[in-house]
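# Residue-level structure breakdown
Next come the chains, spelled out residue by residue.
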Amino acid sequence: MKRLVILISGRGSNMQAIAEACARERWPARIAAVIASRPGAAGLAWAEARGIPTRALDHRAHADRAVFDAELARSIDELGGDGQGHGPDLVVLAGFMRILGADFVRRYAGRLINIHPSLLPSFAGLHTHQRAIDAGCVLAGATVHLVTPELDHGPIVAQAAVPVLPGDDAASLSDRVLGAEHLIYPRALRWWVEGQLEVQGLRVRHIGSEPQWLIAPQVE
Ligand code: GRF
């Protein structure tokens, strides 16, 4: 069984989609812990109610990024470890709104994965939906990628596209993209835990040729 640790900052809807798919599809994996960067993160209560070990680290209570990252790594390895010095098999960023330093990223290299709410490499960073609308995009979406020290630029595992509709604002587009996130993130993680992904440089291939893209016009 692979041990997954999920990092969140807020409501945790991706975390829920992942935990539910893990149970329903009987992945060879378990959610070892959910860790939040904010004590009040709504997703923590959902995880606790299901018996998943949780922890909240208040990033504001740490002197700087390096201290926070070190404390976060300690919690990840403690809650997600095998008790014999090995940390978790995979650290899953699911709406984790903290930039992680290069040392942290290197420590979990190859076992750190993120979902970003844009079709990368377009719109790395924040405010992706408004920026897609302002740029006149007719497609928006989300990207699951392995994390490298360069923000939002690691090898792409899967992407989902949804339309940008004429009356959209950032909130309505965000809702539509989120629906697609809930489909592709669990799918990509299942591939990872089942060992079905091959990484060569920036290119990631599903060895069984399952489509790594999803066009989801009706997702709500
Ligand atoms: C998602 O859109 C994710 O892509 C972004 O933040 C949002 C988190 O939503 N990074 P949730 O906490 O998973 O509901």
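Residues numbered from 1 in each chain as written. Predicted model: local features only at pLDDT ≥ 70, side-chain atom pairs only at ≥ 80, totals over all residues. Heavy atoms only, no water.

### Digging into the packing of aromatic side chains
Definition in use: Between rings of Phe, Tyr and Trp, where Trp is taken as its six-membered ring, a pair exists when centres lie within 6.5 Å; planes separated by under 30 degrees are stacked, by over 60 edge-to-face, and by other angles tilted. For every residue, the accessible area obtained with a 1.4 Å probe (protein chains only) is divided by the maximum for its type, and the residue is called buried under 20%, exposed over 50%, and partly exposed between those limits. Over a ring means this: the NZ of a Lys or the CZ of an Arg is within 6 Å of the ring centre and within 35 degrees of the ring normal.
Considering all chains together, one arrives at one aromatic pair under this definition. Arranged with centres 4.9 Å apart and planes meeting at 50°, the rings of phenylalanine 104 and tyrosine 108 form a pair that is tilted. The same class applies to phenylalanine 104 as to tyrosine 108, namely buried. Cation over ring: arginine 98 sits above phenylalanine 68, and NZ or CZ is 5.6 Å from the ring centre.

### Comments concerning the domain arrangement of the protein
Heads up, the condition is: All domain edges in this entry derive from an automatic or database-based domain assignment. The contact criterion used is simple: two residues touch if any of their non-hydrogen atoms lie within 4.5 Å. Defined in terms of a 1.4 Å probe, buried area is the accessible area two parts forfeit on being brought together, summed over both. Here a salt bridge means any side-chain nitrogen of Lys or Arg lying within 4 Å of a carboxyl oxygen belonging to Asp or Glu. Within 3.5 Å is the distance limit for a polar contact, defined as a pair of N or O atoms, with the added protein rule that one can donate a hydrogen and the other accept it, and that residues adjacent in sequence qualify only through two side-chain atoms. Only DSSP runs of H or I with at least four residues qualify as helices, and only runs of E with at least two residues qualify as strands; both kinds are numbered from the N terminus onward. Under the scheme applied here, ten amino acids are nonpolar (Ala, Val, Leu, Ile, Met, Phe, Trp, Tyr, Cys and Pro), four are charged (Asp, Glu, Lys and Arg), and all others, including Gly, are polar.
The assigned domain composition of the protein is domain 1 (1–108) and domain 2 (115–220). Listed per partner, the contact involves 21 residues of domain 1 and 16 residues of domain 2. Both sides of the domain 1 and domain 2 interface together cover about 1,600 Å² of buried area, and 76% of this is carbon and sulfur. When the area that domain 1 buries against domain 2 is broken down by residue, the three leading residues are Asn14, Trp27 and Val105, summing to 29%. In this structure, the connection of domain 1 to domain 2 is made through one salt bridge. One salt bridge in this structure joins arginine 190 and glutamate 25, with 3.6 Å as the shortest N-O distance. Summed over the shared surface of domain 1 and domain 2, the number is three residue pairs in polar contact (both at pLDDT 80 or more). Elements supplying a minimum of two residues to the side of domain 1 that touches domain 2: strand S1 (2–8), helix H1 (13–24), strand S4 (90–93) and helix H4 (102–107). Among the elements that take part in the side of domain 1 that touches domain 2, H1 stands out by supplying five residues, more than any other. Split into classes, the residues belonging to the side of domain 1 that touches domain 2 amount to 15 nonpolar, two polar and four charged.

### Let's talk about the packing of H1 against helix H6 (residues 170–193)
What counts is decided by this rule: Helix axes use the C-alpha atoms of the stretch in contact, all axes being lines fitted to C-alpha atoms, and the angles between their N-to-C directions lie in the range 0 to 180 degrees. For classification purposes, an angle smaller than 35 degrees is called roughly parallel, one larger than 145 roughly antiparallel, one from 65 to 115 roughly perpendicular, and anything else oblique. Crossing handedness: left-handed means the near helix sits turned counterclockwise from the far one by under a right angle, and right-handed means the same turn made clockwise.
Here H1 crosses H6 at 45°, and the two axes come no closer than 9 Å. As summarised for this structure, H1 and H6 are arranged oblique, according to the angle between their axes. Two packed elements cross with a definite hand, and for H1 against H6 that hand is right-handed. Residue-level contacts link Ser13, Asn14, Ala17, Ile18 and Ala21 of H1 to Leu178, Glu181, His182, Tyr185, Pro186 and Leu189 of H6.

### Topic: the site of the ligand
For the record, the criterion: Nearness of a residue to a molecule or strand requires only that one of the residue's heavy atoms be within 4 Å of it. Each accessible area is a Shrake-Rupley estimate made with a 1.4 Å probe; only the visible protein chains count as cover when residues are assessed. In this analysis a 1.4 Å probe is tested at points of a 1 Å grid over the protein atoms alone, and where it fits but cannot get out there is a cavity; an open set with protein on both sides within 12 Å along at least five of seven lines is a pocket; lining residues have an atom within 4 Å of a point. Whether a molecule lies in a cavity or pocket depends on its atoms, and more than half of them have to be within 2 Å of the grid points.
Around the ligand lies a shell formed by Arg11, Gly12, Ser13, Asn14, Gly95, Ile115, Pro117, Leu178 and Glu181. Separating an oxygen atom of the ligand from a backbone N or O atom of glycine 12 is a distance of 2.9 Å. Between the ligand and serine 13 there is a distance of 2.5 Å, counted from an oxygen atom to a side-chain nitrogen or oxygen. Considered on its own, the ligand offers 370 Å² of accessible surface; in the complex 87% of this is hidden by protein. Among the cavities detected, the one that contains the ligand is the largest pocket. Broken down by secondary-structure element, the contributors of at least two residues to the shell around the ligand are H1 and H6. For the shell around the ligand, a count of residues per class yields three nonpolar, four polar and two charged. Split by domain, the residues of the shell around the ligand number at least three in each of domain 1 (1–108) and domain 2 (115–220).

### Thoughts on the environment of glycine 179
Relative to the helices and strands, glycine 179 is located in helix H6. We classify glycine 179 as buried; its relative accessible area is 13%. The spatial distance from the C-alpha of glycine 179 to the C-alpha of alanine 160 is 9.9 Å, given a sequence separation of 19 residues.

### With respect to the environment of leucine 151
Along the chain, the position of leucine 151 falls in the loop between strand S6 (139–146) and strand S7 (156–163). C-alpha separation for the pair leucine 151 and isoleucine 184, spaced 33 residues apart in sequence, amounts to 20 Å. Leucine 151 has contacts with Ile99 and Ala124, leaving out every residue within four places of it along the chain.

### What about the pairing of strand S8 (residues 197–200)?
Convention followed: Think of it this way: DSSP has to see at least two bridges between two strands before they count as a pair.
Where S8 lies against strand S9 (residues 203–206), four bridges are found, and the strand directions are antiparallel. If you follow glutamine 200 over to S9, its bridge partner there is arginine 203. Where S8 folds back onto S9 in an antiparallel hairpin, the turn is made up of two residues, including glycine 201, whose phi is positive at roughly 60°.

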